[in-house]
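Below, each chain spelled out in residue letters.
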Amino acid sequence: PHGLRVGPTLIKDWESCFYAEKDYAEKLLQDLKIRELINKTYKNAQVSKIEIKRPSNNDVIVNIHAKKPGVIIGKSGADIEILKKDINKIVKTTVFI
């Protein structure tokens, strides 16, 4: 299990990293929606891992590990801007990919 490998001997890190007191459920639901959107939209990119980090300034940083990043980026970065707008509709804050 992934939970056992994130113990004192750090082999893997969590795929979502944020601090929340009262809005934990909301942020978790947003993370699940972001993962679902990326996995559904970019099946051909062979996405292996999606890391979502939320620093204290309410920005959202999404790191996508894929075998074919060109499928996600698109020509001249046009598709990445569309992805940013779609994620921005979910989280309503600044998004960095």
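Residues numbered from 1 in each chain as written. Predicted model: local features only at pLDDT ≥ 70, side-chain atom pairs only at ≥ 80, totals over all residues. Heavy atoms only, no water.

### A short note on the overall build of the chain
Move 1: Broken down by element type, the chain carries three helices and four strands.
Move 2: Starting at the N terminus, the α and β elements of the chain follow one another as β-α-β-β-α-α-β.
Move 3: Looking at the chain as a whole, 25% of its 97 residues are labelled buried.
Move 4: Across the chain, contacts joining residues at least 24 apart in sequence account for 41% of those joining residues at least 6 apart.
Move 5: Just so you have it, the chain exposes about 6,900 Å², and 56% of that area is on carbon and sulfur atoms. (Helix = DSSP H or I, 4+ residues; strand = E, 2+ residues; numbered from the N terminus. Buried < 20%, exposed > 50% of the residue type's maximum accessible area, 1.4 Å probe, protein only. Contact = heavy atoms within 4.5 Å. Areas by Shrake-Rupley, 256 points an atom, 1.4 Å probe, with all protein chains shown as cover.)

### A short note on the nonpolar core
Within soluble globular proteins, side chains that are nonpolar tend to cluster in buried spots.
Move 1: If you look at the biggest cluster of nonpolar residues, it comprises 14 residues, and the most contacted ones within it are Ile-38, Leu-83 and Ile-87.
Move 2: Going through the elements one at a time, α1 (24–41), β2 (47–53), β3 (60–66) and α3 (78–91) are the ones with two or more residues in this core.
Move 3: Once residues within four sequence positions are removed from consideration, Ile-38 is found in contact with Val-47, Ile-50, Val-62, Ile-64, Leu-83 and Ile-87. (Core = buried A, V, L, I, M, F, W, Y, C linked by side-chain atoms within 4.5 Å.)

### Section: α3
Move 1: Here α3 spans 20 Å end to end across 14 residues, near enough to the 20 Å set by a 1.5 Å rise per residue.
Move 2: Tucked into the core, α3 has its buried residues touching α1, β3, α2 (69–73) and β4 (95–96).
Move 3: At the C-terminal side of α3, Lys-92 shows a positive phi close to 60°. (Expected span 1.5 Å × (residues − 1).)

### A look at the packing of α1 against α3
Move 1: Two elements in contact, α1 and α3, have axes separated by 10 Å at closest approach and are oriented at 155°. When the axes of α1 and α3 are compared, the pair comes out roughly antiparallel. Pair α1 / α3 crosses with right-handed handedness. Contacts from Gln-30, Lys-33, Ile-34, Leu-37 and Ile-38 of α1 reach α3 at Leu-83, Asp-86, Ile-87, Ile-90 and Val-91. (Axes fitted to C-alpha atoms, helices over the stretch in contact; angles between N-to-C directions. Parallel < 35°, antiparallel > 145°, perpendicular 65-115°, else oblique. Left-handed = near helix turned anticlockwise from the far one by under 90°.)

### Examining the pattern of salt bridges
Move 1: For the structure on display, the rule yields four salt bridges.
Move 2: Measuring nitrogen to oxygen at the nearest pair gives 2.8 Å for the salt bridge that ties Asp-31 to Arg-54. A residue pair is termed long-range when its members are at least 10 positions apart, and Asp-31 in helix α1 and Arg-54 in the loop between β2 and β3 qualify at 23 residues.
Move 3: The exposure class of Asp-31 is buried, given its relative accessible area of 2%.
Move 4: Its salt-bridge partner being Glu-81, residue Lys-84 comes within 3.9 Å of it at the nearest N-O pair. Placement of both Lys-84 and Glu-81 in helix α3 is noted, with a separation of three residues, approximately one turn of the helix.
Move 5: Classification of Lys-84 as partly exposed rests on a relative accessible area of 25%.
Move 6: For Glu-81, a relative accessible area of 40% translates into the label partly exposed. (Salt bridge = Lys/Arg side-chain N within 4 Å of Asp/Glu carboxyl O.)

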